Amino acid sequence: MTVIGKGNDYGIVETLYTLGLPFFLITTFGLTKLIIKTYSSLKKYELMDYYPAKYLRFAMCTTFFIMFHELHMSIWNTKSILPILFLNLAIFKRYLFPTQVSPVHIFQSSGKK
């Protein structure tokens, strides 16, 4: 269901209509915070030659791409885009917020490669 009809270029309005104001703001703010946190972490990780930096860069760039295209047309609910967004969230969870038993946490605390 669309707000304007077929062929519109109002992606952000369409997404706001679909998700509602509270969930839209939470989602937009959360994804923006993840992108900013990843960008600041990448500077430190690249100096340490941290191997998941490539995964984090992929997740950051594709999430930014999805958010940028939402300004023009709604693409997040497309069959091919939504799985990429979920994959990005999994990458963020694994490498930005490692748990105590995660191999990433063991790698960071031991300093070994």
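Preceding this section is the structure that the text describes.
Since this is a predicted model, take the numbers as computed values, not measurements.

Positionally, Ile91 belongs in helix α4 (residues 82-96). The class for Ile91 is buried, based on a relative accessible area of 13%. Counting along the chain gives 36 residues from Ile91 to Tyr55, while the straight-line C-alpha distance between them is 7.0 Å. Apart from the residues within four sequence positions on either side, Ile91 is in contact with Tyr55, Leu56, Phe58, Ala59 and Leu96.

Moving on: the environment of Phe97. For Phe97, the location among the structural elements is in the loop between α4 and α5 (103-110). The contact partners of Phe97, leaving out residues within four places of it in the chain, are Leu34, Lys37 and Phe92.

Once that is clear, we can look at the nonpolar core. Leu56 and Phe92 are the most contacted members of the largest nonpolar core, which has 18 residues in total. For this core, the secondary structure elements donating two or more residues are α2 (21-47), α3 (53-70) and α4. Those residues in contact with Phe92 that sit more than four places away from it in its chain are Leu34, Thr38, Leu56, Ala59, Met60, Thr63 and Phe97.

Quantified by volume, the largest pocket comes out at close to 410 Å³. Forming the walls of the largest pocket are 19 residues, and the residues nearest its centre are Leu19, Thr27, Thr28, Leu31 and Leu85. Breaking the lining of the largest pocket down by element, the ones donating at least two residues are α1 (11-19), α2, α3 and α4. The leading source of residues in the lining of the largest pocket is α2, at seven residues. Grouping the amino acids of the lining of the largest pocket by side-chain chemistry returns 14 nonpolar, four polar and one charged.

With that settled, the discussion passes to the packing of aromatic side chains. Following the criterion strictly, the structure yields two aromatic pairs and no others. Measuring from ring centre to ring centre gives 5.7 Å for Tyr55 and Tyr95, while their planes differ by 15°; the resulting arrangement is stacked. Taken together, the positions of Tyr55 in helix α3 and Tyr95 in helix α4 put the pair 40 residues apart, joining distant regions of the chain. In this structure Tyr55 comes out as partly exposed when scored by relative accessible area, which is 45%. On the accessibility criterion, Tyr95 (8% relative accessible area) is buried. Residues Phe64 and Phe68 carry aromatic rings whose centres are separated by 6.4 Å and whose planes lie at 20° to one another, so their mutual orientation is stacked. Of this pair, Phe64 and Phe68 are both found in helix α3, four residues apart, which corresponds to roughly one turn of the helix.

Right, let's get into α4. Side chains that are three or four residues apart share a direction in an α-helix, a result of its 3.6 residues per turn. Compared with an ideal rise of 1.5 Å per residue, which puts 15 residues at 21 Å, α4 spans 21 Å between its outermost C-alpha atoms and is within 8% of the ideal. Listing the buried residues of α4 in full gives Leu85, Asn88, Ile91, Phe92, Tyr95 and Leu96. Each buried residue of α4 sits inside an arc of 115° when the element is viewed along its axis, so together they form one side. Of the residues in α4, the exposed ones pointing more than 90 degrees away from the buried face are Phe86 and Lys93.

About the cut-offs
- Residues numbered from 1 in each chain as written.
- Predicted model: local features only at pLDDT ≥ 70, side-chain atom pairs only at ≥ 80, totals over all residues.
- Heavy atoms only, no water.
- Helix = DSSP H or I, 4+ residues; strand = E, 2+ residues; numbered from the N terminus.
- Buried < 20%, exposed > 50% of the residue type's maximum accessible area, 1.4 Å probe, protein only.
- Contact = heavy atoms within 4.5 Å.
- Core = buried A, V, L, I, M, F, W, Y, C linked by side-chain atoms within 4.5 Å.
- 1 Å grid on protein atoms, 1.4 Å probe; cavity = no way out; pocket = protein on both sides within 12 Å on 5 of 7 lines; lining within 4 Å.
- Points joined across faces, edges and corners; volume = space filled by probe spheres on them.
- Nonpolar A, V, L, I, M, F, W, Y, C, P; charged D, E, K, R; others polar.
- Phe/Tyr/Trp six-rings, centres within 6.5 Å; stacked < 30°, edge-to-face > 60°.
- Expected span 1.5 Å × (residues − 1).
- Arc of directions from axis to C-beta.

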